[in-house]
Every structure is written in C-alpha cells, then in structure tokens.
Amino acid sequence: MHLPIFDLHCDLLSYLAKIPGASPSNENDIACALPWLRKGNVHLQVLAIYTDVRPGSMDLALKQAEIFQSLIDEEAFSAFQAQSWKSSGPIAALASIENAAGLGEENSSWEAIELQLDEILSKVGRLAYVSLTHHTENRFGGGNYTEGIGLKDDGRRLLDLLIERNIPIDLSHSSDLLAEGILNHIDQHQPQSPIIASHSNYRAIWNHVRNLSDEFAQEIIRRKGIIGVNFLRAFLDNDVPERLFEHILHGFQIGGENAQSFGADYFYTQDFPDKSRHPFYFPLAENASKYPEILDVLAENLSAEQLEKLAYKNVLHFYQNLFS
C-alpha cells in the first residue's frame, strides 16, 4: 500500500555523530538510511538527538543539532512545514531530544541548560518532542529500567521550561513513576501541554517495562497525543514477528484511532555489545522500506481511513495543531 509515512523516531543523527565515515545514504549501516526511507515512502522522519548520561553529553547533543542543520542545508532532508505539507521533494525532517542529559549534564547550571536549549533550537528550528530520560536515571528523573524513581525537582523545572516553549513531552523512556509525576505536574501548571509516546509499544501485548501500560496509553489518547509503535524485537516479542500487528491493532482497540502512528526506532546496531539482542528487528520490519508491506497486512483489519491515520494523518494533525 503506497501511503505517505510519518515516523516519530530514528537515531540517524547519533550514528552520523559517532561513527567514522558515517553517511545518511549508507543502507548497509543503518535501517533508516535515505535509500530505505525513500523505498518505504517516508515523507516525515523525526531525527532524535540522543545522548547517554555522562560528561560530554551536551557537546554531543549540540554536534547532532549541527548535523541536523547541515542535512537541511545540503537538502538531504527538508525542514518540515506542518501547515504547508506536500508529498513532493526531499524527505521532511524534525529534530527531537531523546534524554534530556543532552540539555543538561548532572552538574550543569540552569543558565547553561537554558542556553543549550536555545542553541539547539537555533540550529534545528522546532523540536518534535523532548524525553526527560533514557533507560537510566538522571538529574531529571527515573528511566524505564529504574524502580522507585519518579520526577525530581530538576525535572519539574525542566518541564516548566518545555511547557513555556510548547514543546511536547515524550513518555517513551519514562519509568511509571516518572510518567505519573510528569502528568501530575502538567495538570497542576498547564493541563493542555502536549504529551506523546514517540516510540512505545503496549505492555498488554508484551509485558516489558519499556512498553506502555494501557492506563498511560489511554491518558496520552485522552490528551490528544500520539503513540508511535516501536519495531524493535525486544519490545514486540522476542520470538513472534506478527506481534507487531497486534501492538498496532491494540492501539486502535483501546481508543487510539486518532493517536496510533509509527516510531520504528531504527539505530546503528553493529557496535552493540549484547549479542543476544541481535537481530534487533524481524525481517518483516528490518528497515524503513517495509512500511508498504506492513500496511498491506494491516489492511485486513483496518479501513482505508484508519490506515491513512496510522500512516501519516495522526502525526500530521498533531503537529499542525501544535505549530499553528
């Protein structure tokens, strides 16, 4: 099925920033390389600025923002225009921040954090979203592999800064306690603030801490957010490829017809030390060329209108409303 695809998450920028000789066109290195995106009819790709919690994370984040800027300047991608979107020309891109360690290291001053955000915005334009954590704990809160760590005081302060800038908050890597803290803080200060899960699956289908409980998924849906299904085998089901379709259909079944979208999470895997994770993706979703085939299978259960919402319209409408 040949529909435009809007995808909420890939890690092309960190690959380009860290791997010697990296190229956005090297389809042998990364599953979201430009040739794969074109074959999959991807028209918007959100490019994450990803960093670990370690010294130097702010410099690495800024380097990725500069790479994003160069990709736009060199017309490898085009800057996404939500209000005047068209399907011709270079693939559109938005930047996001995956792990706010890239905005502020553990000992950074708040002046430095605010300057870092301003500097990144000056290079990338709008941000599609910011996630406060990755898998682990940082100064802002607990990541999805932590227990008993919620929203910290610095996390509340960062949320206020993001709310002021109308930047969506991403729950994809939050611990349950952090997600609860984020939602409670937003309700107390600015209930209309946008909340999403950029690349998350459903715990009801595959019981993994990285996946969303139905409670949090339905809260995102209620707040008119979007949820991008993740293609990583570890978060779908280690052994059953078709579980991908079950996750997507579950999103529709719990009321997410206007929220369910794609967030494939393609990244550079060749240097990943845990060999038990290889292969990271099942063949049916091994690179960004697979979207038409995925939609063909889903056409057995979803209407043409639902497929359009999943493929691109839910994400388009979210950012049209946000950027208007």
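Just above sits the structure.
The following paragraphs examine the structure supplied in this document. Keep in mind it's a predicted model, so treat the numbers as computed, not measured.

### Quick look at the packing of aromatic side chains
Right, on to step 1. Applying the stated criterion across every chain yields a total of 15 aromatic pairs.
Right, on to step 2. Ring centres 5.2 Å apart and planes at 75 degrees place the aromatic pair F6 and W85 in the edge-to-face group. One end of the pair, F6, is in strand β1 (residues 5–10); the other, W85, is in the loop between β3 (78–79) and β4 (92–98), and 79 residues separate them in sequence.
Right, on to step 3. Given a relative accessible area of 22%, W85 falls into the partly exposed group.
Right, on to step 4. Measuring from centroid to centroid gives 5.4 Å for Y319 and F323, while their planes differ by 40 degrees, and the two rings are tilted. One end of the pair is Y319 and the other is F323, both in helix α11 (residues 304–323) and four residues apart, which spans about a single turn.
Right, on to step 5. For Y319, a relative accessible area of 0% translates into the label buried.

### Some words on helix α7 (residues 214–222)
Right, on to step 1. The complete set of buried residues in α7 reads F216, A217, E219, I220 and I221.
Right, on to step 2. Next to the buried residues of α7 lie α6 (176–189), β7 (195–196) and β8 (227–229).
Right, on to step 3. Of the residues trailing α7, K224 is marked for its positive phi of about 65 degrees.

### What to know about helix α5 (residues 153–165)
Right, on to step 1. Given a rise of 1.5 Å per residue, 13 residues ought to cover 18 Å, and the 19 Å separating the end C-alpha atoms of α5 matches this to within 8%.
Right, on to step 2. Taken residue by residue, α5 has G155, L158, L159, L161, L162 and I163 as its buried positions.
Right, on to step 3. Along its buried surface, α5 packs onto α4 (110–124), β5 (127–131), β6 (169–170) and α6.
Right, on to step 4. With its phi angle positive at about 60 degrees, N166 sits one or two positions after the end of α5.

### As for the pattern of salt bridges
Right, on to step 1. Going through the model one piece at a time under the given rule, you end up with 18 salt bridges.
Right, on to step 2. Here K290 makes a salt bridge to E293, at a shortest N to O gap of 4.0 Å.
Right, on to step 3. Of the residues examined, K290 reaches a relative accessible area of 15% and is grouped as buried.
Right, on to step 4. According to the relative accessible area criterion, E293 is partly exposed, its value standing at 46%.

### Details of a negative patch on the surface
Right, on to step 1. Residues E111, E114, D160 and E164 make up a contiguous surface patch of negative charge.
Right, on to step 2. Looking at the negative patch, the elements that each hand over two or more residues are α4 and α5.
Right, on to step 3. Within the secondary structure, E114 sits in helix α4.

About the cut-offs
- Residues numbered from 1 in each chain as written.
- Predicted model: local features only at pLDDT ≥ 70, side-chain atom pairs only at ≥ 80, totals over all residues.
- Heavy atoms only, no water.
- Phe/Tyr/Trp six-rings, centres within 6.5 Å; stacked < 30°, edge-to-face > 60°.
- Helix = DSSP H or I, 4+ residues; strand = E, 2+ residues; numbered from the N terminus.
- Buried < 20%, exposed > 50% of the residue type's maximum accessible area, 1.4 Å probe, protein only.
- Contact = heavy atoms within 4.5 Å.
- Expected span 1.5 Å × (residues − 1).
- Salt bridge = Lys/Arg side-chain N within 4 Å of Asp/Glu carboxyl O.
- Patch = residues over 30% accessible without salt bridge, like charges linked within 9 Å, V, L, I, M, F, W, Y side chains within 5 Å.
- Areas by Shrake-Rupley, 256 points an atom, 1.4 Å probe, with all protein chains shown as cover.
- Lys, Arg positive; Asp, Glu negative; His and termini not counted.
- Charge placed at Lys NZ, Arg CZ, Asp CG, Glu CD.

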